[in-house]
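# Residue-level structural notes
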Amino acid sequence: MSNAAEDREETTPNAADEAGDLIDHNTFDQLLEMDDEDDREFSRSIVWNYFEQADTTFVEMETALSEKDLDQLSSLGHFLKGSSAALGLTKVKASCERIQHFGAKKDESGTEPIDEETAMKRIEEILPVVKEEYAEAEKYLRKFYGEEA
């Protein structure tokens, strides 16, 4: 198999510059190393499944937010955090972890309790941010795989 980092450099010459702190390339490279030498179909399918999961999860988060369902928001934050971490999407992962904590009525670090009103307010503030971070990651990944968003 070829070196995933070298392949990424060949595919997108300034990949690390373009991704900035958006993607942990050590994690993403591990996914790329599972691809066959001549194509990226395996990793592409994982990434496209993630896109579908994220879209569905964001809809579910909006519903849970409108219903003030903090437990559901915490659970959805945890779910999307894990999926994002598996791809190395560091910004999305970090924001989803915050949603998980706020949904559990904890502060950003997950250590100090906060009240329900504060938790709802913080989730209302972070949800648009995580959606923007996701949109950036999706655009970058679609470009990486040769499909513009």
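Quick look at the structure, then. (Residues numbered from 1 in each chain as written. Predicted model: local features only at pLDDT ≥ 70, side-chain atom pairs only at ≥ 80, totals over all residues. Heavy atoms only, no water.)

## Some thoughts on the overall build of the chain
Within the chain one finds seven helices and zero strands. The proportion of buried residues among the 149 residues of the chain is 42%. Contacts in the chain between residues at least 24 apart in sequence constitute 65% of all its contacts with a sequence separation of at least 6. Split by element, the accessible area of the chain, about 8,100 Å² in all, is 45% carbon and sulfur. (Helix = DSSP H or I, 4+ residues; strand = E, 2+ residues; numbered from the N terminus. Buried < 20%, exposed > 50% of the residue type's maximum accessible area, 1.4 Å probe, protein only. Contact = heavy atoms within 4.5 Å. Areas by Shrake-Rupley, 256 points an atom, 1.4 Å probe, with all protein chains shown as cover.)

## Quick look at the nonpolar core
Formed by 37 residues in total, the largest nonpolar core has its most connected members in Phe28, Val47, Tyr50, Phe58, Leu73, Leu89 and Leu141. Within the residue set of this core, elements represented by two or more residues are α3 (25–32), α4 (41–66), α5 (70–87), α6 (90–103) and α7 (116–144). If one sorts the elements of this core by residue count, α7 sits on top with 11 residues. When sequence neighbours within four positions are dropped, the list of residues in contact with Val47 reads Phe28, Leu31, Leu87, Leu141 and Tyr145. (Core = buried A, V, L, I, M, F, W, Y, C linked by side-chain atoms within 4.5 Å.)

## Considering the packing of aromatic side chains
One pass over the full model with this rule turns up eight aromatic pairs. Seen in terms of ring centroids, Phe28 and Phe144 are 5.4 Å apart; in terms of plane orientation they differ by 80°. Their pairing is edge-to-face. Placement of the pair is Phe28 in helix α3 and Phe144 in helix α7, with a sequence separation of 116 residues. Both residues of the pair, Phe28 and Phe144, belong to the buried class. Note on Tyr50 and Phe51: the rings are 6.4 Å apart at their centroids and 55° apart in plane angle, and the pair reads as tilted. In this structure Tyr50 comes out as buried when scored by relative accessible area, which is 3%. (Phe/Tyr/Trp six-rings, centres within 6.5 Å; stacked < 30°, edge-to-face > 60°.)

## What about α5?
Counted at 1.5 Å a residue, the expected span for α5 with its 18 residues is 26 Å, and the 26 Å between its end C-alpha atoms agrees. Structurally, α5 contributes buried residues whose contacts are with α3, α4, α6 and α7. Gly88, located one to two residues past α5, shows a positive phi value of around 85°. (Expected span 1.5 Å × (residues − 1).)

## Considerations on the pattern of salt bridges
One pass over the full model with this rule turns up nine salt bridges. In this structure, Asp21 engages Lys91 in a salt bridge whose closest nitrogen and oxygen atoms are separated by 3.6 Å. On the criterion of sequence distance, the pair formed by Asp21 in the loop between α2 (15–19) and α3 and Lys91 in helix α6 is long-range, its members being 70 residues apart. The exposure class assigned to Asp21 is exposed, which follows from its relative accessible area of 51%. A salt bridge links Lys91 to Glu136; the nearest nitrogen and oxygen atoms lie 3.8 Å apart. A residue pair is termed long-range when its members are at least 10 positions apart, and Lys91 in helix α6 and Glu136 in helix α7 qualify at 45 residues. (Salt bridge = Lys/Arg side-chain N within 4 Å of Asp/Glu carboxyl O.)

Note that every value here comes from positions in space, so none of it alone points to a role or purpose.
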